[in-house]
Amino acid sequence: MSEQLTFYFNKFSHYSHKVELALIEANAPYKAHQVDFFNLPEWFLKVNPVGQVPAVAYGGPSVEPDDPSPLSAKIAESDVILEFLADLYPDSGLLPKDPVLRAKVRFFINANAKHIEDPLYAFIRKNEPYENVLKGIEFIQGLLEEGSDFTVGDHYTIADACITPHLARLKTITEHDIGNFPVGMGYKLGEELKAPKFAKFMKYIQRTLERPSLKQTYDEEFVITLFKAFFPARAQ
Ligand SMILES: N[C@@H](CCC(=O)N[C@@H](CS)C(=O)NCC(=O)O)C(=O)O
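Reading the values: the criteria
- Residue indices follow the written sequence of each chain, beginning from 1 at its first position.
- Confidence filtering applies because this is a predicted model: local features only for residues at pLDDT of at least 70, side-chain atom pairs given and counted only at 80 or more, and all residues used for totals across whole chains, interfaces and linings.
- Side-chain numbers come from the whole structure's heavy atoms, not from hydrogens or water.
- Note: two strands are recorded as paired if DSSP finds a minimum of 2 bridges between them.
- For the purposes of this entry, the term helix denotes a DSSP run of H or I that reaches at least four residues, the term strand denotes a run of E that reaches at least two, and both are numbered from the N terminus.
- Under this scheme, a helix contributes an axis fitted over its contacting stretch, all axes are lines through C-alpha atoms, and angles between N-to-C directions fall in the 0 to 180 degree range.
- In what follows, a contact means two residues having at least one pair of non-hydrogen atoms within 4.5 Å.
- Under the scheme applied here, a residue whose accessible area is under 20% of the maximum for its type counts as buried, over 50% as exposed, and between as partly exposed, the area being computed with a 1.4 Å probe on protein chains only.
- It is the directions from the helix axis to the C-beta atoms whose arc is reported.
- Think of a salt bridge as a Lys or Arg side-chain nitrogen and an Asp or Glu carboxyl oxygen that are within 4 Å of each other.
- We define proximity as follows: a residue is near a molecule or strand when any one of its heavy atoms falls within 4 Å of that partner.
- Any pair of nitrogen or oxygen atoms within 3.5 Å is treated as a polar contact; in protein, a donor-acceptor pairing is required on top of that, and neighbouring residues in sequence qualify only through side-chain atoms on both sides.
- In short, Shrake-Rupley with a 1.4 Å probe defines the accessible areas, and a residue's cover is counted only from the protein chains shown.
- Definitions used for this entry: grid spacing 1 Å over protein atoms alone; cavity, a set of points where a 1.4 Å probe fits but cannot get out; pocket, an open set with protein on both sides within 12 Å along at least 5 of 7 lines; lining residue, one with an atom within 4 Å of a point.
- To qualify as sitting in a cavity or pocket, a molecule needs more than half of its atoms within 2 Å of the grid points.

Undergrad: Go over the sheet that holds strand β2 (residues 31-34), please, and point to the residues and values.
TA: In a beta sheet, neighbouring strands are held together by backbone hydrogen bonds and run either parallel or antiparallel to one another. In spatial order, the strands read β2-β1-β3-β4; together these 4 strands make up an open sheet with mixed pairing. Unpaired on one side and paired on the other, β2 and β4 (73-76) mark the two borders of the sheet. Shown here is a sheet whose adjacent strand axes are inclined to one another by a mean of 20°, direction ignored. Across the face of the sheet, helix α2 (residues 78-88) comes into contact with β1 (5-9), β3 (55-58) and β4 while running at roughly 125° to β4.

The following block contains the structure:
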């Protein structure tokens, strides 16, 4: 029996979503506890002094999640947790054994933060140009192998887990036109992505979103409701 693992998350958090996908893909036993980061409970600072989700408590005695033990290891930062899970479950394939492929996974994770996360949420939240999203996608597309189901190698890795939450949200905002941008810009981005030059990326999105771990964890109606609440009034 492995050590206990408690996963602190919030359903709204795409960073939490990455970790949830990796936990499911590794078939890891874990206890999940939702943290309201809009009304952060004091005890959570014992898990992550920065007050952010996701975080995990690993090892130590089995305790109630809202009474974390000082004996468990506390780990934060989604990409660090992804690596931690890959180390905990070396047979899961979350990180390949081959050093070159491992480096490629890590490179992809780094590129995802810079070329997908940053421009995508700057567009959704701050109405920064969607052209930056397209540029980022072009870069990421260049890393994808033709015909491969996964970002790196022939197995689902933490590189897939780290980008999937954003691909799901990209699809949602372009199909429902929800974000802090002028009406129609979400649809416009969606139309641009239909160009033949993005075909490889779009096929990858399609395959990724068909994955059972994504279907099990992505509640699109919930995301739509929440995004609408966050971005109710937009410039015309
Ligand atoms: N770099 C962190 C970012 C985590 C993050 O920003 N989490 C948000 C939720 S999506 C949060 O907990 N926000 C509450 C706060 O910053 O007080 C990671 O990758 O885990």
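After that view, the rundown keeps rolling.
Undergrad: Could you give an account of the side chain of Glu-25, with specific residues and numbers?
TA: With respect to the helices and strands, the residue Glu-25 is situated in helix α1 (residues 14-25). If sequence neighbours within four positions are ignored, Glu-25 has contacts with Leu-94, Tyr-156, Arg-211 and Ser-213.

Undergrad: Can you break down helix α6 (residues 185-192) residue by residue, with the values?
TA: Along an α-helix, a turn takes 3.6 residues, which lines up residues three or four apart on a common side. For α6, the full list of buried residues reads Gly-186, Leu-189 and Gly-190. Each buried residue of α6 lies within a common arc of 100° when the element is viewed along its axis, so the set occupies one face. Contact partners of the buried residues in α6: α3 (99-126), α4 (130-143) and α5 (158-176).

Undergrad: So what about the pattern of salt bridges? Which residues, and what values?
TA: Under the counting rule described, the total for this entry stands at 10 salt bridges. Where Lys-18 meets Asp-79, a salt bridge forms, and the shortest distance between an N and an O atom there is 2.8 Å. Of this pair, Lys-18 sits in helix α1 while Asp-79 sits in helix α2, placing them 61 residues apart in sequence. Given the relative accessible area of 1%, Lys-18 is considered buried. According to the relative accessible area criterion, Asp-79 is partly exposed, its value standing at 23%. Among the ionic pairs, Lys-197 bridges to Glu-138, the shortest N-O distance being 3.7 Å. Linking Lys-197 in the loop between α6 and α7 (199-209) with Glu-138 in helix α4, this pair joins segments that are 59 residues apart in sequence. Judged by relative accessible area, Lys-197 falls into the exposed class, the value being 51%. Look at the salt bridges and you will find they share partners, linking Lys-18, Asp-79 and Glu-117 into a network.

Undergrad: Let's hear about the site of the ligand: which residues, and what values?
TA: All residues adjacent to the ligand are Ser-13, Tyr-15, Phe-37, Gly-51, Gln-52, Val-53, Pro-54, Glu-77 and Ser-78. Here a nitrogen atom of the ligand and a backbone polar atom of Val-53 are 2.8 Å apart. At 2.8 Å from a nitrogen atom of the ligand is found a side-chain nitrogen or oxygen belonging to Glu-77. Protein contacts shield 73% of the accessible area of the ligand, which totals 500 Å² for the unbound molecule. Using a 2 Å cut-off from the grid points, one finds that the ligand occupies the largest pocket.

Undergrad: Run through the pairing of β3, naming residues and quoting values.
TA: Neither face of β3 is exposed, since Ala-55 and Ala-57 on one face and Val-56 and Tyr-58 on the opposite face are all buried. When β1 meets β3, the two strands line up antiparallel, connected through 4 bridges. The residue of β3 that forms the bridge with Tyr-8 is Ala-55. Two strands pair when backbone bridges link them, and β3 and β4 are joined in this way by 4 bridges, in the antiparallel orientation. Looking at β4, one finds that Ala-55 is bridged to Ala-76.

Taken by themselves, the reported measurements are silent on function.
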